[in-house]
Amino acid sequence: FIVNNKAGILPHEKSVLDVFRDRIKRAIEKNQQISFRIAVGFFFFEGFQRLYPELKELYEKGLLREFKLVMGPETRKTTKEILEALKNDAIVLDDETLSFIKKLYDEKKFDFRIFLGRNFHIKLYLFEIGNEVEIWAGSANLTEAGLGENIELIVPVVALTFEDKDLYRRFF
C-alpha cells in the first residue's frame, strides 16, 4: 500500500490517520505500550482531536506510554493558547479532548517542544511498540488536513540499525 491520504492515484492507498490507527491497533492486540514521537513543522490541535478516540482507548488500557511532539512555531492561535495553558496551568480546560491532553501532560505522558532556531520543516513519525521502533517520514504535518484531507506522502524508513533508531529516539 501507499500512504498518500487516499488520493485516488493508485490502488491500495491509505491515509496518515490509517498509519496511526494501524499502529494503535497493533499495540492493543499485542497488549504492549506505545510511544509516539512526532516532529512536524505544523501542529494544529484539530490533528490531535482526530487521534483522540484511539489515544483515549490506549490510555484507558494503560498502553499509552508517551506522546512527544517537536514542532515549529507556526500554528493557530487556539493551538498556541492550549499549549500555553498546559505549561502555565492558566485556565481550566473544559472540552473533553482538552481535558484529556491536560491529564496526559500532568502525568508526563504528553510533552512538546517548539523549535524556534530556524525554519522547522521536518515531518517525522516514530512509533515504538514494546521494543519495536518504526519510523515514517514524508510531507504530512500533524494537522487535520495532514492526517487525511491533503494529498500527502509518508513512507517507512527501513534498513536502520538499532543504533540509528536510538539516535532518532534521542532527538525527542
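Whatever comes next refers back to the structure up there.
As the structure is a prediction and not an experimental result, all values here were calculated from the model. Residue indices begin from 1 for each chain and proceed along its sequence in written order. Given that the model is predicted, a residue must reach a pLDDT of at least 70 before its local features are reported, and side-chain atom pairs must reach 80 or more before they are shown or counted; all residues, however, enter totals for whole chains, interfaces and linings. Excluding hydrogens and water, the side-chain values take into account all heavy atoms of the structure.

Peer 1: What's the story with unusual backbone geometry in this structure? I'm lost.
Peer 2: The phi torsion of most residues other than glycine is negative, and most of the peptide bonds are trans. Residue asparagine 5 is not a glycine yet carries a positive backbone phi of 60°. Secondary structure elements follow DSSP: runs of H or I of four or more residues count as helices, runs of E of two or more count as strands, with numbering from the N terminus. Within the secondary structure, asparagine 5 is located in the loop between β1 (2-3) and β2 (13-14). Unlike most non-glycine residues, histidine 12 shows phi in positive territory, near 65°. Note on placement: histidine 12 falls in the loop between β1 and β2.

Peer 1: How do you make sense of a nonpolar patch on the surface when you look at a structure like this?
Peer 2: Within the patch definition used here, like charges are joined within 9 Å and nonpolar side chains (Val, Leu, Ile, Met, Phe, Trp, Tyr) within 5 Å, considering only residues with over 30% relative accessible area and no salt bridge. In these tables, accessible area is a Shrake-Rupley quantity obtained with a 1.4 Å probe, and a residue counts as shielded only by the protein chains included in the view. Here, a salt bridge means any side-chain nitrogen of Lys or Arg that lies within 4 Å of a carboxyl oxygen of Asp or Glu. Together, Ile9, Leu10 and Ile151 line one region of the surface with nonpolar side chains, adding up to about 330 Å² of accessible area. Following the sequence through the fold, isoleucine 9 ends up in the loop between β1 and β2. Per-residue accessibility, obtained with a 1.4 Å probe over protein chains only, is compared with the maximum for each type, and a residue is labelled buried under 20%, exposed over 50%, and partly exposed between these values. Residue classification places isoleucine 9 among the exposed positions, given a relative accessible area of 60%.

Peer 1: Even after reading the chapter, I still don't get the pattern of salt bridges, so can you show me in this structure?
Peer 2: Once the charged atoms of two side chains with opposite charge are near each other, the side chains can pair. In total, this model carries 16 salt bridges according to the counting rule given. Across the pair aspartate 22 and lysine 14 runs a salt bridge whose closest N-O atoms are separated by 2.6 Å. We classify aspartate 22 as partly exposed; its relative accessible area is 28%. One salt bridge in this structure joins glutamate 134 and arginine 26, with 3.3 Å as the shortest N-O distance. With glutamate 134 in strand β7 (residues 132-138) and arginine 26 in helix α1 (residues 16-30), this pair connects stretches of sequence that are 108 residues apart. Connected through shared salt-bridge partners, Lys14, Asp22, Arg23, Arg26, Lys30, Glu132 and Glu134 make up one network.

Peer 1: What should I look at first to understand the pairing of β7 in this one?
Peer 2: Within a regular beta strand, the side chains point alternately toward one face of the sheet and then the other, so they alternate between its two faces. Two strands are counted as paired when DSSP detects at least two bridges linking them. One ladder, built from six bridges, connects strand β6 (residues 123-129) with β7; its direction is antiparallel. The residue of β7 that forms the bridge with leucine 124 is alanine 137. Between β6 and β7, which follow one another and run antiparallel, lie two residues, and glycine 130 among them has a positive phi close to 60°.

No statement about biological role is implied by the geometric values presented.
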